[in-house]
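Structural characterization, general
Residue-level listing of the chains:
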Amino acid sequence: MKERLVLIGNGMAGIRTLEELLKQDSERYEITVFGKEPHPNYNRIQLSSVLQGDTELHDIMLNDYDWYKDNKIELITGDAITHVDTERQTLYSAAGVERPYDRLIFATGSNPFMLPLPGADKEGVIAFRNIQDCETMINTSKSYKKAVVIGGGLLGLEAARGLLNLGMEVDVIHLADRLMENQLDGEASGMLKEELQAQGMNIHLKKQTEALIGADRVEGLQFKDGESLDADLVVMAVGIRPNIELAKETGIDVGKAILVNDYMETSHENIYAVGECAEHREVVYGLVTPLFEQAKVLASRLCKEDGASYEGSIVSTSLKVSGVDVFSAGEFMDTDETKSIRVHDEFEDTFKKVVVRDNYVVGSVLFGDTSDSPRILSMMRSSQDVSGMNKATILPSESAEDNAGSAVELMPDEENICGCNGVCKGEIVSAIKEQGLTTVEEVKKTTNASRSCGGCKPQVTELLSLATGEDASQAEEPICGCTDHSHEDVVAAIREMELTYIPEVMNVLGWETEDGCTKCRPALNYYLGMVNPLDYEDDENSRFINERMHANIQNDGTFSVVPRMYGGVTDSDQLRTIANVADKYDVPLLKVTGGQRIDLLGIEKENLPSVWDDLGMRSGNAYGKGMRTVKTCVGENFCRFGTQDSIGLGIKMEQKFEGMKTPHKVKMAVSACPRNCAESGIKDVGIVGVEGAWEIFVAGNAGVDLKKSERLCKVETDEEVLEITAAFLQHYRENARYLERTSHYIDRVGLDTVKKVVLEDEKEKAALNERMDIALSIEQDPWTDIVDSEDKQKDLFEKKQVSITT
């Protein structure tokens, strides 16, 4: 009979323990996992990506339900443990579930710390810790404008960046005199502050909140210096506290957290603790690398009594803050006993500092370029004597010699590449050579490198290139786990073998699953439609729900409806019609969107066709992978700075590309002058008017990885803008991978490659325009299509009654 192992907590540390345990002895335990949240294990580090809206929960899932099933693990979600009886070795949940155990792991993580301020219990005051917090912020941004984040640490800045992306005005309140004071020195912190202010955040340092003001809902903050600030939403990101209440009630010894020895054992026999809820040698860790190191030790202890012990971790942070690469480790502040190597490049906006004491590296801060971080961390961990080294040896990226070799190439095999998962260079290289790995995805699946925060992906890619002799950055990744075929393989097969429907593609290319998955089916549906626009019949069941319903589903199950307003222009008739529809259907909220349109929120599903019919307007496609909107400024007809008719051109562009399907959403803008009031600099296609001409910019976006667009060319007429834009977008449609934004596509293939086709090759430019015209010729308004079809209304929107027999 197997031993019974129960894990309290379905987070990253606990599940990593099980992953390590399954590697060593998959048959020893009968495993049960209790999770308080109603989800499988997800990557909490990627919550900011969910917050900014481009990534959804399933994209950051580390272990889906199938993983638990395949490993015969009982997963109980949405149910917290309320009592542990250590004498009977049995635990009890809030929902009344009872499970006995032979060994028990506490991986209860942390709770966000909420400042005990007057007014902290008001509506609109939240933390930033889980999926629910993300959803609250996303929904709040649809109704309110001003957000304040209390806390200028990493989590607070991630929340602030996400709220900025959601279109809110964002102020960051921080008590200390610099941002991220636990990771950055004054110089690096100052550079970060300048960057964030340039992105639109208002930063308030040395500011202490005294109270949150308002009636039922928060309306502002009162500070101790007598000043105040308006706010519709307050996010507290001021730290976390280990979640140890259950351990305390169980009688387990606790200090700041659950006390554990070098084998993660608590004061009670057969009870262990791992992760943020554990205190080892008076230290409680909150970063993922130490938690995974603890998980490895605990798994070993659970499988064999003589496993390795945990000796503590060197804390380092390698991350991306609002698009800026940052690395911090060890002692980064100067003292009388330390010396530093400093490189501050104001042209490249990078800062590098390595702190040395008694000829040993004891800390570092890197800002803007973190490529030397693995080497620095390795020198710290191995206590390497650097007395004979020069600056270029310690910081290889600063070497002036072309043949100096890359930082990754110079690393010893035992040096960690992936700090999150503890994967060293030697393990990755061995896996690549012994198992014939050719893509980063394969390396990730085999070794776990780059699986968590993804910060080491560039190093993994470089190692892959060095080991295989091929440029791994250009390597083709498989579409999903259902197949080994890449996006490029599939598109080529569809073209060459004239494949015409999804099951045929899967059958011919030997799909490993019968029906595919939520990643490959939408991709295949897009590729088939892109290759055969006139003949392919769109498979609605292979679309995401918003695209299937032609509206955005909300957290309460209702939908939002955004009718099209070309160029952001409307009139009194349209506004009157929208107002009438809002009254007729009791629409709870009307919201002006960032794309200069009006969003009707809270529509019941069964009312959608009637709402569209009553509006008599075309779909704004605010839900789809395709052309969303063309934002415009008022232009030369009204603005004293405007040099061009931005509204006129914007309307022409929106009318031409309306209904166009693309690998990911495409947003455009037209500004009448370089003041860029329509934000053309961060759009997939941005047009900027100059004296007598238009400049065309491409591949910008405003996501987590904020990307400024790149200048494609300068033309004189509206017709040239439309021709070149069509060529660029058709090239993107035909060559980008499904769910690849224009910014990532250009990063992958290079702007010069695209320029050669859409600017320099007249024949191909004409051909691209012709294929774009064919693709657009079959597009029709989806709302009208459904309003005219009783069958579609019945299939998609009719409320069905389900009878229950007892």
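Residues numbered from 1 in each chain as written. Predicted model: local features only at pLDDT ≥ 70, side-chain atom pairs only at ≥ 80, totals over all residues. Heavy atoms only, no water.

For the chain, the name recorded in an unreviewed UniProt entry is NAD(P)/FAD-dependent oxidoreductase, with Salicibibacter halophilus as its organism. Its UniProt record gives the chain the following Pathway (unreviewed entry) comment, quoted word for word: "Nitrogen metabolism; nitrate reduction (assimilation)." (UniProt positions renumbered as here; feature names shortened; annotations may be inferred.)

1. Side note on the overall build of the chain
For the chain, the count of helices and strands is 27 helices and 36 strands. Expected size for 806 residues packed as a compact globule is a radius of gyration near 28 Å; at 28 Å, the chain falls within 12% of this value. Projecting the C-alpha coordinates of the chain onto the three principal axes gives extents of approximately 80 × 75 × 70 Å. Across the 806 residues that make up the chain, the buried fraction comes to 52%. Residue pairs in contact within the chain that sit at least 24 positions apart in sequence constitute 62% of those at least 6 positions apart. (Helix = DSSP H or I, 4+ residues; strand = E, 2+ residues; numbered from the N terminus. Rg over C-alpha atoms; globule rule 2.2 N^0.38 Å. Buried < 20%, exposed > 50% of the residue type's maximum accessible area, 1.4 Å probe, protein only. Contact = heavy atoms within 4.5 Å.)

2. A short note on the layout of surface pockets
Roughly 980 Å³ of internal volume is contained in the second largest pocket. As for the second largest pocket, its lining consists of 38 residues, and the residues nearest its centre are Asp 538, Arg 543, Lys 661, Glu 779 and Gln 780. Mapped onto the lining of the second largest pocket, the elements with two or more residues apiece are helix H17 (520-531), helix H21 (646-657), helix H25 (762-777) and helix H26 (782-787). In terms of residues, the lining of the second largest pocket owes the most to one element, H17, which gives four residues. Across the lining of the second largest pocket, the residue classes tally to twelve nonpolar, ten polar and 16 charged. (1 Å grid on protein atoms, 1.4 Å probe; cavity = no way out; pocket = protein on both sides within 12 Å on 5 of 7 lines; lining within 4 Å. Points joined across faces, edges and corners; volume = space filled by probe spheres on them. Nonpolar A, V, L, I, M, F, W, Y, C, P; charged D, E, K, R; others polar.)

3. Observations concerning the packing of aromatic side chains
Taken as a whole and judged by the stated rule, the model has seven aromatic pairs. Where Trp 612 meets Trp 783, the ring centres are 5.1 Å apart and the plane angle is 5 degrees; that geometry is what we call stacked. Linking Trp 612 in helix H20 (residues 608-615) with Trp 783 in helix H26, this pair joins segments that are 171 residues apart in sequence. Comparing Trp 612 with Trp 783 shows no difference in burial state: the two are buried. Over the aromatic face of Phe 113 sits the side chain of Arg 241, whose NZ or CZ is 4.0 Å from the ring centroid. Across the ring face of Tyr 263, the terminal group of Arg 301 is positioned such that the distance to the ring centre comes to 4.0 Å. (Phe/Tyr/Trp six-rings, centres within 6.5 Å; stacked < 30°, edge-to-face > 60°. Lys NZ or Arg CZ within 6 Å of the ring centre and 35° of its normal.)

4. Looking at the UniProt feature "domain: BFD-like [2Fe-2S]-binding" (unreviewed entry) in the chain
Here the UniProt-annotated "domain: BFD-like [2Fe-2S]-binding" (unreviewed entry) positions come out as residues 417-464 and 479-528. Measuring from the first to the last C-alpha atom of residues 479-528 gives 15 Å, for a span that is 52% helix and 0% strand.

5. Thoughts on the packing of helix H15 (residues 487-496) against H17
For the pair H15 and H17, the least separation of the axes is 10 Å and the interaxial angle reads 40 degrees. When the axes of H15 and H17 are compared, the pair comes out oblique. Judged by the twist between their axes, the crossing of H15 over H17 is right-handed. Of the residues in H17, those touching H15 at His 487, Val 490, Val 491, Ile 494 and Arg 495 are Leu 524, Tyr 527, Leu 528, Met 530 and Val 531. Looking at the contact of H15 with H17 residue by residue, the classes come out as eight nonpolar, one polar and one charged. (Axes fitted to C-alpha atoms, helices over the stretch in contact; angles between N-to-C directions. Parallel < 35°, antiparallel > 145°, perpendicular 65-115°, else oblique. Left-handed = near helix turned anticlockwise from the far one by under 90°.)

6. A short note on the sheet that holds strand E4 (residues 81-85)
If you trace the three strands from one edge of the open sheet to the other, you get E4-E5-E6, paired in antiparallel fashion. Looking at the sheet topology across the chains shown, the edges are occupied by E4 and strand E6 (98-100). Strand after strand, the sheet turns through a mean of 20 degrees between neighbouring axes, direction not considered. Note: E4 against strand E5 (residues 90-93), four bridges, orientation antiparallel. Residue pairing in the sheet places Asp 85 in a bridge with Thr 90 of E5. (Pairing = 2+ DSSP bridges.)

7. Here we look at helix H19 (residues 572-584)
With 13 residues, H19 ought to run about 18 Å at 1.5 Å a step, and its terminal C-alpha atoms sit 18 Å apart, in line with that. Turning to H19, its buried residues number three or more, namely Ile 578, Val 581 and Ala 582. Along H19, the residues classed as buried sweep out an arc of 100 degrees about the axis, all on the same side. Exposed residues on H19 whose side chains face more than 90 degrees from its buried face are Asp 573, Asp 583 and Lys 584. (Expected span 1.5 Å × (residues − 1). Arc of directions from axis to C-beta.)

8. Focus on empty space enclosed by the protein
Tallied over the entire structure, the rule returns three cavities of 30 Å³ or more. Within this model, the largest cavity holds a volume of roughly 60 Å³. For the lining of the largest cavity, the element with the highest residue contribution is H17, accounting for three residues. When the residues that make up the lining of the largest cavity are grouped by side-chain class, the tally is three nonpolar, two polar and four charged. Roughly 50 Å³ of internal volume is contained in the second largest cavity. Looking at the second largest cavity, the residues that line it are Met 12, Ile 15, Arg 16, Glu 19, Asn 41, Leu 62, Asn 63, Phe 292 and Arg 451. No other element matches the four residues that helix H1 (residues 12-24) contributes to the lining of the second largest cavity.

9. Side note on the side chain of Asp 599
Examined against the element boundaries, Asp 599 turns out to sit in strand E31 (residues 598-603). Buried and unpaired, Asp 599 has Lys 142 as its nearest opposite-charge partner, separated by 6.4 Å. Discounting residues that sit within four places of it in the chain, Asp 599 has contacts with Ser 560, Val 561, Val 562, Leu 589, Leu 590, Lys 591 and Thr 593. (Lys, Arg positive; Asp, Glu negative; His and termini not counted. Salt bridge = Lys/Arg side-chain N within 4 Å of Asp/Glu carboxyl O.)

10. Describing the sheet that holds strand E29 (residues 559-561)
If you trace the four strands from one edge of the open sheet to the other, you get E28-E29-E31-E30, paired in antiparallel fashion. Either end of the sheet is taken by a strand with one partner, and the two such strands are strand E28 (552-553) and strand E30 (589-592). In the packing of H19 onto the sheet, the strands contacted are E30 and E31, and the crossing angle to E31 comes to about 10 degrees. Its contacts with the sheet place H20 against E29 and E31, and it is angled at close to 10 degrees to E29.

11. So, the UniProt feature "binding site: [4Fe-4S] cluster" (unreviewed entry) in the chain
Per the UniProt entry, the sites bearing "binding site: [4Fe-4S] cluster" (unreviewed entry) are Cys 633, Cys 639, Cys 673 and Cys 677 in this numbering. Taking the farthest pair of C-alpha atoms as the criterion, the annotated set spanning 45 residues converges on one region, since that pair is 10.8 Å apart. Along the chain, Cys 633 turns up in the loop between strand E32 (627-632) and H21. For Cys 633, a relative accessible area of 15% translates into the label buried. Setting aside chain neighbours within four positions, we find Cys 633 in contact with Ser 646, Ile 647, Val 670, Ser 671, Ala 672, Cys 677 and Ala 678. In this fold, Cys 673 is placed in the loop between strand E33 (666-671) and strand E34 (685-690).

12. Describing helix H24 (residues 751-760)
The complete set of buried residues in H24 reads Leu 751, Val 754, Val 757 and Val 758. Each buried residue of H24 lies within a common arc of 135 degrees when the element is viewed along its axis, so the set occupies one face. H24 presents Asp 752, Lys 756 and Glu 760 as exposed residues on the side facing more than 90 degrees away from its buried surface. Contacts made by the buried residues of H24 are with strand E35 (693-698), strand E36 (710-715), helix H22 (718-735), helix H23 (742-749) and H25.

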